Structures are given as C-alpha cells and as structure tokens.
Amino acid sequence: NAGVTQTPKFQVLKTGQSMTLQCAQDMNHEYMSWYRQDPGMGLRLIHYSVGAGITDQGEVPNGYNVSRSTTEDFPLRLLSAAPSQTSVYFCASSYTNTGNTIYFGEGSWLTVV
Amino acid sequence: AQKITQTQPGMFVQEKEAVTLDCTYDTSDQSYGLFWYKQPSSGEMIFLIYQGSYDEQNATEGRYSLNFQKARKSANLVISASQLGDSAMYFCAMREDSNYQLIWGAGTKLIIKP
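From a predicted model like this one, the values you see are computed outputs, not experimental measurements. (Residues numbered from 1 in each chain as written. Chains lettered and ligands numbered in written order. Predicted model: local features only at pLDDT ≥ 70, side-chain atom pairs only at ≥ 80, totals over all residues. Heavy atoms only, no water.)

Engineer: Before we move on, could you go through the side chain of T108 of chain B and cite the residues and values that matter?
Structural biologist: All names here are of chain B. One can find T108 in strand β12 (residues 108-113). Residue T108 is classed as buried on the basis of its relative accessible area of 0%. Reaching out from T108, the side chain makes a polar contact with the backbone oxygen of Q8 at a distance of 2.6 Å. (Helix = DSSP H or I, 4+ residues; strand = E, 2+ residues; numbered from the N terminus. Buried < 20%, exposed > 50% of the residue type's maximum accessible area, 1.4 Å probe, protein only. Polar contact = N/O pair within 3.5 Å; in protein donor to acceptor, adjacent residues only side chain to side chain.)

Engineer: An account of the environment of N58 of chain B is needed here, citing residue identities and associated values.
Structural biologist: All names here are of chain B. With respect to the helices, strands and loops of the structure, N58 is situated in the loop between β6 (46-52) and β7 (60-61). When its relative accessible area of 38% is taken as the criterion, N58 is described as partly exposed. C-alpha separation for the pair N58 and V13, spaced 45 residues apart in sequence, amounts to 23 Å. Look past the residues within four positions of N58 in its chain and what remains in contact with it is Q51, L66, N67 and F68. At 3.2 Å, the side chain of N58 forms a polar contact with the backbone nitrogen of F68. (Contact = heavy atoms within 4.5 Å.)

Engineer: Go over the packing of aromatic side chains with me, naming the residues and quoting the values.
Structural biologist: Considering all chains together, one arrives at 14 aromatic pairs over all chains under this definition. Judged by centre distance (5.8 Å) and plane angle (75 degrees), the ring pair of F104 of chain A and W104 of chain B falls under edge-to-face. One end of the pair, F104 of chain A, is in strand β10 (residues 103-104); the other, W104 of chain B, is in strand β11 (residues 102-104), on a second chain. For the residue pair F104 of chain A and W104 of chain B, the accessibility class agrees, reading buried in each case. Joined through ring pairs, the aromatic side chains of Y35, F90 and F104 of chain A together with F35, Y37, F47, Y50, F91 and W104 of chain B make up one cluster. It is R68 of chain A that lies over the ring of F74 of chain A; its NZ or CZ is 6.0 Å from the centre. Over the ring of Y64 of chain B we find R63 of chain B; its NZ or CZ atom is 5.7 Å from the centre of that ring. (Phe/Tyr/Trp six-rings, centres within 6.5 Å; stacked < 30°, edge-to-face > 60°. Lys NZ or Arg CZ within 6 Å of the ring centre and 35° of its normal.)

Engineer: Account for the confidence of the model for chain B, with residues named and values stated.
Structural biologist: The predicted coordinates should not be examined in detail at positions where pLDDT is low. In the predicted model, chain B carries a mean pLDDT of 94, and the fraction of residues at 70 or more is 98%. Averaged pLDDT values for the elements of chain B fall to 90 in β11 of chain B and rise to 98 in strand β9 (residues 74-79) of chain B. (pLDDT = per-residue confidence, 0-100.)

Engineer: Mind laying out the state of the cysteines, listing which residues take part and the relevant values?
Structural biologist: All names here are of chain A. A full pass over the atoms with the stated rule returns two disulfides over all chains. Here C23 is linked by a disulfide to C91, with a sulfur-sulfur distance of 1.8 Å. Where C23 bonds to C91 through sulfur, the torsion about that S-S bond is close to -70 degrees, and the disulfide is left-handed. Of this pair, C23 sits in strand β3 (residues 19-25) while C91 sits in strand β9 (residues 87-94), and the two are 68 residues apart along the sequence. Across the pair, exposure class does not vary: C23 and C91 are buried alike. (Disulfide = S-S within 2.5 Å.)

Engineer: Which residues make up the nonpolar core, and what values do they have?
Structural biologist: Counting residues in hydrophobic clusters, the biggest one holds 25 residues, and the most contacted among them are Y25, W36, I49, L77, Y90 and L110 of chain B. When residues of this core are traced back to their parent elements, those giving at least two are β2 (10-14), β3 (19-21), β5 (32-39), β6, β8 (64-69), β9, β10 (88-96) and β12 of chain B. Looking at this core, the element that brings in the most residues is β10 of chain B, giving four residues. With residues near it in sequence (within four places) discarded, I49 of chain B still touches L34, F35, W36, A59, T60, E61, Y64, S65, L66 and L77 of chain B. L13, W34, C91 and L110 of chain A belong to the second largest nonpolar core, which has 20 residues in total. (Core = buried A, V, L, I, M, F, W, Y, C linked by side-chain atoms within 4.5 Å.)

Below, the structure is given as structure tokens:
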C-alpha cells in the first residue's frame, strides 16, 4: 500500500515551459486535490476532484489544469510556467469529500527560473 | 476575512511541558470539520487529529487533544508531555461541508527545547 505518490520530488523549469506533476493513490479514494504551499503560508487549494471525470477549481486555479480519467490518478499540469509558480505542491486524497482523514503525498518542490 | 487564524507564528516550549497551539475559525456553516496537521522540516504533512462540528466530545489521539469551543469558534491543539520530535510547523485547517474545500491557517512553528 503506497498511499499517495507524487512525482517528481524536485523540478526546475524555465519560464514558459510546461510540465505535469503526477499524483497517484492506491486506496480507492474518490476525493483528490492539489495544493500549493508558499513560504510562511498554509496550503492553498488549486484544483480538486470528487471522482473520476469530475474536477473543479479551488482558490488559486489560474495557470494550472487537471484531469481525472481514473480513480487512481490526478495529474496537475502547468501550462506555461511562471516564477510566481515556484512553490511546494502537495497532492492529497480522502475516501470521500467528507473524509475525516486526508492523506498527503510527500510534496513536489518546483522552481521556475 | 481570514477564515482560519493561528495567532502564534512561533513558540518555544520546554521538553515535557504541555503546549497549546491556538486556532480560531470563521464560518457560517453549521456543519464543518477541523483538522490539525504537523509538518516537520522534511516537509511531509502528517495528520494529527480531527473534530467534527457536531461532535460533543473533544477529540483525542494519544498525546494530542483538541480543545473545541464551538461558541468561541476556537479549536486549539493541546500536546501533552512535549518531546523533542514535536518540533515542527503545525497547521490548523477547516472544511466547510457546503463546499468541501480545506482552508488552512498560516501555521505555528513549534520548537521544543531540551
């Protein structure tokens, strides 16, 4: 049981490049979400999904796309990276959108230069 | 307006003492949940404790307890008998059941002194 797996753990991008952060969970969780954490701040919700084929925007969705073609996978795409997207990204999942326990991936450190 | 407020940016506590980390929240929902997470220097987010708005008893998980005062909209985390390994950032978060989005406070950096 791997839990929530995020890749890559570290990435450096040039401004304007695109990339995808991968997130997979093997717990059959319906609810998955992506957050970013900037220095000295709590997490902010980017996008979330309540099940395969269903996604919605969170607090800071601009510059990011998501898709949920399977229950297990929830990739986050940066369309044209900007220095303001330098952050730590966390993927999270829970059994339902009211789950009392939310599992987090280990985080992905992204630097845009 | 801030929905989750953690008023203590940093705290120093002597090992073996109890520590209370403050969290106040703002919501008009009747149904919501409150979470506490620990983030050590390695960066991962570790779930500590959960309190539902309709739970009448304060949640407890080992050395962690949540002092839930609904009328004051307060959900303080209490760590009993602190240990050096408790040194970390601690985040309070709220999920309003009207939109299921988790809203986070800015965190409190806790340092346990030997």
